[in-house]
Structure formats: structure tokens, C-alpha cells
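# Fold and geometry: a report
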Amino acid sequence: MSKSTLRLGRLIVLRGSNHVYDQDFHPGVNIIRGWNSTGKSTIMDFLVYVLGYEIVSWTDEQLLCSSVVAEIFINGVQVCLKRDISERVFKTLCQPTSFIG
């Protein structure tokens, strides 16, 4: 039996059609670092949200964004997910989408 894998390739946060965050991730360990209050936790919130986690209390800054897109690789197969940002809990989960490049 082969080992199952899940890898993040890219994370994009959108405000309308503008990219407010766009980062490629490489295989292995990736470190998100910065000074206090520079958005590290916000980026992690967006990442877990696009993967299906519910954020019950968005910050005002997060609500300025419209959607989050993730390029992930499941067992080496590319999958792109997009999820609209909404204050409504249990809104539609991730939708497969073509990658925004």
C-alpha cells in the first residue's frame, strides 16, 4: 500500500480580481515568519478555510477579501480549490476550479 500525501503548492487570497496574497510553497517544510501583527495567523486561517474548516469570527481585514484559492497535490495529482469568504457558517465548501495563474 502506498503512502497518501497532501502538499500545498500555492495559496492565493483575492479581493475581487486583485491578488492580496500570492505565495508558492515548495515540497518539505515552509516557514511563514514575520513581526507581530503582520498576518501570519491570517494566512493560516485562509489556508485551513479553503481546505474546509469553518472560521466563525473573521477579522475586519479578512472580510475585505472575497475568496481564497489553493493549489494542492493529493498523491501527486494537482487539485485547485476555491472558496468564497463568507460570514455565514457552513456555507458551500471548497469547489474545484481552474487555477488562477
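Please read all numbers here as calculations on a predicted model, not as lab measurements. (Residues numbered from 1 in each chain as written. Predicted model: local features only at pLDDT ≥ 70, side-chain atom pairs only at ≥ 80, totals over all residues. Heavy atoms only, no water.)

With that settled, the discussion passes to the pattern of salt bridges. All chains considered together, the criterion is met by three salt bridges. Between Glu 54 and Arg 83 there is a salt bridge, with the nearest N and O atoms lying 2.6 Å from each other. Within this pair, whereas Glu 54 is found in the loop between α1 (40-50) and α2 (60-63), its partner Arg 83 is found in strand β4 (residues 77-84), the two being separated by 29 residues in sequence. When sorted by exposure, Glu 54 lands in the same class as Arg 83, which is buried. If you follow the salt bridges from partner to partner, you end up with Arg 10, Asp 22 and Asp 24 in one network. (Salt bridge = Lys/Arg side-chain N within 4 Å of Asp/Glu carboxyl O. Helix = DSSP H or I, 4+ residues; strand = E, 2+ residues; numbered from the N terminus. Buried < 20%, exposed > 50% of the residue type's maximum accessible area, 1.4 Å probe, protein only.)

All right, on to α1 then. Of all the residues in α1, the buried ones are Ile 43, Phe 46, Leu 47, Tyr 49 and Val 50. Down the axis of α1, the sector holding all buried residues measures 165°, keeping them to one side. Residue Gly 52 follows α1 closely and has a positive phi angle near 120°. (Arc of directions from axis to C-beta.)

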